Amino acid sequence: MIARLQMGEVPPKHHLAFRDAEGRLRYEEAFTRQGFDGPYTLAYHVNRPHPSRPLPPPEAFPLPVAVPPRPLLRRHYRSQDLAQPGGPPSRARLPLLFNEDVAISVAAPTAEDPAYFSNGDGDDLWFVAEGGGLLRTALGDLAFGAGDYVLVPRGLLHRFLPGDGPQRWLALELAGGVGLPRQWRNEAGQLRMDAPYSHRDFRAPAFQGPRDEGIRELRVKRGGAFHAYQLERSPLDVVGWDGAVYPVAFQIRDFQPRVGLVHLPPTWHGTFAARGALVCSFVPRPLDFHPQAVPCPYPHASVDVDEVIFYVSGEFTSRRGVGPGSISHHPAGVMHGPHPGAYEASIGQKATSEVAVMLDCYRPLAPTPFALGVEDPGYHESFSE
């Protein structure tokens, strides 16, 4: 989805008999998108890449549950105050907001995944606010750290190995897939020279070749349940692969922000595009350079989108009372913008140190009971003079 890569040994043409030095046949696995019409990757296994018998019964996966309808208000959730369950990343998510396109969760994993995991319900886009570790797949290992986005394509067998120390991750499960906004690509699919990042900024897995961790269980998330399968052999037996579907990591501080004469709209900060959502990155940058510029965002009524901001670090000049881990949710139809005094105080400022992840979602987002448990009750009224 970023660019085509080739790793390890592959045959000269796809769908050909591919044998090792002793004449044993390799097994080709097609990992496709949009049926067979979209991007794809072909991987070549030593053994047949099929799970064998299921391990009943399926385990329930905690689907997001909406709370009863509430007044249309600006909301602030202090995710940093949540009592996190910990455990492996595949089970550590606490969903806070969701709609048909995206589930927004937070996680504080404390252990590595004991089994391989595959999400059959959507692409996973993680943002690592604190911590780091290793993503292990049959396509290779991908190291990541604080400030990294980690994109795991739907259906890819993997497991996370978090590093030592505290972990604080934002999890976006995107049912319709996720990629790069079209406006940043040229006709050949290459990232444009005026895009806010380049191909060099995206890190692909380091291919390892066949290996065996001794793990023989695969858990597939599909339709609100974990379906477990017994593996006869190691699924990490890939000798080579090529294609355009693979996990990537992108460091948020490698995003190249735009600066204008006057304030630019959030779409200029667009980093990932998904069905029904745009993910934007706010990073330290100079501010607008017109002598009379008002750098602070102007008050606006988002009549088409719900806006969510996950605050990571730095000074958030347009908001009071937020800090690392805060999540603001401004629903469509309600005027929002800077807190009183912030608009005026921003005049003459030259730079901002904020780091934040924003989502614009085209369908209304519903909160879960987890969100209500850490809601700031005075947030809506804090916009009054």
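Conventions we followed
Residues numbered from 1 in each chain as written. Predicted model: local features only at pLDDT ≥ 70, side-chain atom pairs only at ≥ 80, totals over all residues. Heavy atoms only, no water. UniProt positions renumbered as here; feature names shortened; annotations may be inferred. Helix = DSSP H or I, 4+ residues; strand = E, 2+ residues; numbered from the N terminus. Rg over C-alpha atoms; globule rule 2.2 N^0.38 Å. Buried < 20%, exposed > 50% of the residue type's maximum accessible area, 1.4 Å probe, protein only. Pairing = 2+ DSSP bridges. Axes fitted to C-alpha atoms, helices over the stretch in contact; angles between N-to-C directions. Phe/Tyr/Trp six-rings, centres within 6.5 Å; stacked < 30°, edge-to-face > 60°. Lys NZ or Arg CZ within 6 Å of the ring centre and 35° of its normal. Salt bridge = Lys/Arg side-chain N within 4 Å of Asp/Glu carboxyl O. Contact = heavy atoms within 4.5 Å.

Going by the annotation in an unreviewed UniProt entry, the name recorded for the chain is Homogentisate 1,2-dioxygenase, with Anaeromyxobacter paludicola given as the source organism. Reading the Cofactor (unreviewed entry) entry of the UniProt record for the chain gives the comment "Fe cation". In its Sequence similarities (unreviewed entry) section, UniProt records this for the chain: "Belongs to the homogentisate dioxygenase family."

Within the chain, the secondary structure is distributed over 2 helices and 30 strands. Taking 21 Å as the expected radius of gyration for a compact globule of 385 residues, we find that the chain reaches 22 Å, a close match to that expectation. Its C-alpha atoms put the chain at 75 × 45 × 35 Å along the principal axes. In the chain, which comprises 385 residues, the share counted as buried stands at 52%.

So, on to the sheet that holds strand β1 (residues 5-8). The sheet built from 4 strands is open, its strands ordered β1-β19-β3-β2 with antiparallel pairing. Unpaired on one side and paired on the other, β1 and β2 (27-32) mark the two borders of the sheet. In this sheet, neighbouring strand axes are inclined to one another by 15° on average, regardless of whether the strands run parallel or antiparallel. Pairing geometry for β1 and strand β19 (residues 238-243), over 4 bridges, is antiparallel. When the sheet's bridge partners are listed, Met 7 is paired in β19 with Trp 241.

What follows deals with the packing of aromatic side chains. Taken as a whole, this structure holds 17 aromatic pairs when the rule is applied. Relative to Tyr 44, the ring of Phe 18 lies with its centre 5.5 Å away and its plane at 85°, an arrangement referred to as edge-to-face. Taken together, the residues Phe 18 in the loop between β1 and β2 and Tyr 44 in strand β3 (residues 40-45) connect sequence positions 26 residues apart. For the pair Phe 18 and Tyr 44, one class covers both residues: buried. Look at Trp 126 and Trp 169: their rings are 5.4 Å apart centre to centre, the planes differ by 80°, and that puts the pair in the edge-to-face class. Of this pair, Trp 126 sits in strand β9 (residues 123-130) while Trp 169 sits in strand β14 (residues 168-174), and the two are 43 residues apart along the sequence. For Trp 126, a relative accessible area of 3% translates into the label buried. In this structure Trp 169 comes out as buried when scored by relative accessible area, which is 1%. Taken together, the aromatic side chains of Phe 127, Tyr 149, Tyr 197, Phe 202, Phe 250, Phe 255 and Phe 272 make up a single cluster linked through ring pairs. Of note, Arg 74 hangs over the ring of Phe 383, and the distance from its end group to the ring centre comes to 4.4 Å.

Moving on to the pattern of salt bridges. For side chains bearing opposite charge, pairing can occur when the charged atoms are close. Applying the stated criterion across every chain yields a total of 26 salt bridges. A salt bridge links Glu 375 to Arg 70; the shortest N-O distance between them is 2.7 Å. Note that Glu 375 is positioned in the segment after α2 (369-372) and Arg 70 in the loop between β4 (59-60) and β5 (75-78), a separation of 305 residues in sequence. Residue Arg 70 is classed as partly exposed on the basis of its relative accessible area of 29%.

Moving on: the side chain of Ser 346. Looking at the element boundaries, Ser 346 is found in the loop between α1 (342-345) and β28 (351-352). The class for Ser 346 is buried, based on a relative accessible area of 2%. Apart from residues no more than four positions distant in its own chain, Ser 346 is found in contact with Val 294, Pro 295 and Cys 296.

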